[in-house]
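What follows is the residue order along each chain.
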2 protein chains.
Amino acid sequence: MMDTNATVADRNLSRLSREPLWDRAHAQLREALLAGRFEPGSALVLRHLAETFGTSITPVRDALARLVAQGVLEQGPRNSALVPDLRKSALVDITMVRCELEGRATREAAQKATPADIDALDALLADMRGMIARRALDAYLDVHRRFHFGIYALAGIPILDEMIENLWLRCGPILSFVVPEYVVLLKGTDHHQAALDALRRRDGAAAEAEIVADIEEAGRYLLSLADPSGRIRRRVPA
Amino acid sequence: MMDTNATVADRNLSRLSREPLWDRAHAQLREALLAGRFEPGSALVLRHLAETFGTSITPVRDALARLVAQGVLEQGPRNSALVPDLRKSALVDITMVRCELEGRATREAAQKATPADIDALDALLADMRGMIARRALDAYLDVHRRFHFGIYALAGIPILDEMIENLWLRCGPILSFVVPEYVVLLKGTDHHQAALDALRRRDGAAAEAEIVADIEEAGRYLLSLADPSGRIRRRVPA
DNA sequence: ATATGTCGTTTGTTATAACAAACAACAAAA
DNA sequence: TTTTGTTGTTTGTTATAACAAACGACATAT
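None of the values given here were measured: they were computed from a predicted structure.

**Quick notes on the relation of the copies chain A and chain B**
Relating the two copies of this chain is a rotation about some axis coupled with a shift parallel to it. Rotating chain A by 180° and moving it 0.0 Å along the rotation axis overlays it on chain B with an RMSD of 0.1 Å. Look at the turn and shift together and you get a two-fold axis relating the two. Interface overlap between copies: 100% of the residues of chain A at the interface are likewise at the interface in chain B, consistent with a symmetric, same-surface contact.

Spelled out as structure tokens, the structure:
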């Protein structure tokens, strides 16, 4: 009886938001990945996640299947879904493809960006500087992502955006490793500013070069975190 | 009773092959897409496909969910899966990303290809010529795909391969439209041969240029098939 | 004749149960 | 002590039923 009431309540709740349960599970998993809330190498267990989300295993299974199909999660033995534990070689490969795709997107963006677009990105850059000063590093990661994708969105090529987001998701579990050590040194900030300046001058080649440099610099730092076996590990597991 | 027997038989069958049912459904759908056996714009119906495959809707649902997650199928109203009906702009975008990625893969391949690798690809090229002469166009499409991916595999970058395959799948429904008109004119064959020659000379830039030219040429032909609304249609619907 | 409302059908979603494979723990034998 | 066999648990897979939203057909009303 209480069971029935709970079910009805849940149904009504889900009806309000107008989106399937698996969609919500998918979004929550994606966000958790990007925020680095999952231990690289760990297994994602259907019934466990279902309990967390308060649903049956069906929507969770759906969400995990999609993530695996996107290459965001690996499929381990017994078709289980595991959080990828990126090795050096995989990181090098992803970085290369990222440079290729994000570089091209930046070049295209230079042709289409309006002054208003640039100003909006400039505001994000100011936010980012403030967050570093205040050591608000979680928030920084989020705005940093919006800055990059803000540029790529200007290119107006949805498929490019999709593939770039996929690449970010693939290194999601280790993306947060750049904080705090790397980010607070302001290593990449010059590239961000320089890319924006180039965009304002409509200099596509220069903007592309800056973004590529930014990606490669972060890639090199992440690579330096690799342990002898090639796995990328957080500096202080805290 | 007969029902029970049938189920048991199916179980044993699936146990033999050692792969989940959804995996087989996924592979069959992928193959059908690449072969152009699905009408662009049509909806893929769970219960219908389930009957075709002789399974319940669960594995089919799984397979479709993955295809949609990969961007290979679109999700229509009511979260249904539909075969994408590519428009001009989408085709232009995909062609651009293909050039970027397949060009880069070819350049990398030039550094790693051994004479034996080139010889194997040369054999495929000979096959392709024979198939065109015999007008074995379905078989041609298949070998043509193996030729391209044979080159990209030489780069040894799994993530690149994955993303390129994804792009091919995205235009799978219209890929077969290049036959028979375009292919029999041998338009692209020179590029294939020239790319292979460049690979043999370890001239990465030249090989990349040939592959890019091949992709762009096919892209232009496909674009010329667009009707006034921008949709790409088969020349003679047979 | 066109508009509208009702009802049955289609179809994706979710929960659930039965199932089999993998794994771990523990006990028994060499 | 080490190895092996058994058993219980965990966990992904599949089939199935109940469900709700969308769609279409048909009848009724204006």
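**Quick word on the nonpolar core**
Leu101(A) and Leu101(B) are the most contacted members of the largest nonpolar core, which totals 145 residues. Once residues within four sequence positions are removed from consideration, Leu101(A) is found in contact with Leu160(A), Met163(A), Ile164(A), Leu167(A), Val97(B), Glu100(B) and Leu101(B).

**What about the interface of chain A and chain B?**
Listed by partner, the interface residues are 31 residues for chain A and 31 residues for chain B. Taken together, the two surfaces of chain A and chain B that pack against each other cover about 2,700 Å², and 60% of this comes from carbon and sulfur. On the chain A side of the contact with chain B, Glu100(A), Ile159(A) and Met163(A) bury the most area, a combined 22% of that side's loss. Where chain A touches chain B, the interface holds 6 salt bridges. The closest approach of N and O atoms between Glu100(A) and Arg104(B), which form a salt bridge, is 2.6 Å.

**Points about the sheet that holds strand E3 (residues 81-82) of chain B**
Residues and elements named next belong to chain B. As summarised here, the arrangement of the 3 strands in space is E1-E3-E2, forming an open sheet in which the pairing is antiparallel. Looking at which strands have only one partner, the edges of the open sheet turn out to be strand E1 (43-44) and strand E2 (74-75). Two strands pair when backbone bridges link them, and E1 and E3 are joined in this way by 2 bridges, in the antiparallel orientation. By the bridge assignment for E3, Ala 43 is matched with Leu 82.

**Some points on the pattern of salt bridges**
Between side chains of opposite charge, pairing is possible as soon as their charged atoms come close. A full pass over the atoms with the stated rule returns 30 salt bridges over all chains. As a salt-bridge pair, Asp62(A) and Arg61(B) come within 2.4 Å of each other at their nearest N and O atoms. Within this pair, whereas Asp62(A) is found in helix H4 (residues 57-69), its partner Arg61(B) is found in helix H4 (residues 57-69), the two belonging to separate chains. Given the relative accessible area of 4%, Asp62(A) is considered buried. By sharing partners, the salt bridges in this structure join Glu100(A), Arg104(B) and Glu108(B) into a single network.

**Digging into the layout of surface pockets**
Roughly 990 Å³ of volume is contained in the second largest pocket. Every residue lining the second largest pocket is counted, 43 residues in all, and those nearest its centre are Ala69(A), Ala69(B), Gln70(B), Gly71(B) and Asn166(B). At 8 residues, helix H8 (residues 158-170) of chain A tops the list of elements feeding residues into the lining of the second largest pocket. Looking at side-chain class alone, the lining of the second largest pocket contains 17 nonpolar, 11 polar and 15 charged residues.

**Points about the confidence of the model for chain A**
Residue and element names in this part refer to chain A. Here chain A averages 87 in pLDDT, and 87% of its residues register 70 or above. When the elements of chain A are averaged for pLDDT, helix H1 (residues 2-17) gives the smallest value, 35, and helix H5 (residues 88-112) the largest, 97. In this model residues 1-17 is a low-confidence stretch, pLDDT under 50, and it forms 5 contacts with partners more than four residues away in sequence or in other chains.

**Focus: the environment of Ile215(B)**
All names here are of chain B. Along the polypeptide, Ile 215 turns up in helix H12 (residues 204-224). Sequence separation between Ile 215 and Arg 98 is 117 residues, and the spatial gap between their C-alpha atoms is 7.6 Å. Contacts of Ile 215, omitting those with residues within four sequence positions, involve Thr 95, Arg 98, Cys 99 and Glu 102.

**Considering helix H7 (residues 137-154) of chain B**
Residue and element names in this part refer to chain B. When the terminal C-alpha atoms of H7 are compared, their 26 Å separation across 18 residues agrees well with the 26 Å that a helix rising 1.5 Å per residue should span. When we look at burial in H7, the residues that qualify are Leu 137, Tyr 140, Leu 141, Val 143, His 144, Phe 147, His 148, Phe 149, Ile 151, Tyr 152 and Leu 154. Following H7 by one or two positions, Gly 156 has its phi on the positive side, about 70°.

**Details of the UniProt feature "domain: HTH gntR-type" (unreviewed entry) in chain A**
Following the UniProt record, the feature "domain: HTH gntR-type" (unreviewed entry) maps to residues 19-86 of chain A here. A distance of 32 Å separates the end C-alpha atoms of residues 19-86 of chain A, which is 51% helix and 9% strand.

**A closer look at the packing of aromatic side chains**
All names here are of chain A. Inspection of every chain in the model, using the stated rule, returns 4 aromatic pairs over all chains. Ring geometry for Phe 149 against Tyr 152: centres 5.8 Å apart, planes inclined by 75°, an arrangement best described as edge-to-face. Pair noted here: Phe 149 and Tyr 152 are both in helix H7 (residues 137-154), with a separation of 3 residues, about one helical turn. Per residue, the accessibility class of Phe 149 equals that of Tyr 152, and both read buried.

**Considerations on the packing of H8(A) against helix H8 (residues 158-170) of chain B**
Put simply, H8(A) and H8(B) touch, their axes get as near as 13 Å, and they point 145° apart. Crossing of H8(A) over H8(B) shows right-handed handedness. Packed against H8(A), whose contacting residues are Ile159(A), Glu162(A), Met163(A), Asn166(A), Leu167(A) and Arg170(A), the element H8(B) presents Ile159(B), Glu162(B), Met163(B), Asn166(B), Leu167(B) and Arg170(B) at the interface. When its residues are assigned to classes, the contact of H8(A) with H8(B) shows 6 nonpolar, 2 polar and 4 charged.

So, how was this worked out
Residues numbered from 1 in each chain as written. Chains lettered and ligands numbered in written order. Predicted model: local features only at pLDDT ≥ 70, side-chain atom pairs only at ≥ 80, totals over all residues. Heavy atoms only, no water. Least-squares fit on C-alpha atoms with pLDDT ≥ 70 in both. Contact = heavy atoms within 4.5 Å. Core = buried A, V, L, I, M, F, W, Y, C linked by side-chain atoms within 4.5 Å. Buried < 20%, exposed > 50% of the residue type's maximum accessible area, 1.4 Å probe, protein only. Buried area = accessible area lost by both parts, 1.4 Å probe. Salt bridge = Lys/Arg side-chain N within 4 Å of Asp/Glu carboxyl O. Pairing = 2+ DSSP bridges. Helix = DSSP H or I, 4+ residues; strand = E, 2+ residues; numbered from the N terminus. 1 Å grid on protein atoms, 1.4 Å probe; cavity = no way out; pocket = protein on both sides within 12 Å on 5 of 7 lines; lining within 4 Å. Points joined across faces, edges and corners; volume = space filled by probe spheres on them. Nonpolar A, V, L, I, M, F, W, Y, C, P; charged D, E, K, R; others polar. pLDDT = per-residue confidence, 0-100. Expected span 1.5 Å × (residues − 1). UniProt positions renumbered as here; feature names shortened; annotations may be inferred. Phe/Tyr/Trp six-rings, centres within 6.5 Å; stacked < 30°, edge-to-face > 60°. Axes fitted to C-alpha atoms, helices over the stretch in contact; angles between N-to-C directions. Left-handed = near helix turned anticlockwise from the far one by under 90°.

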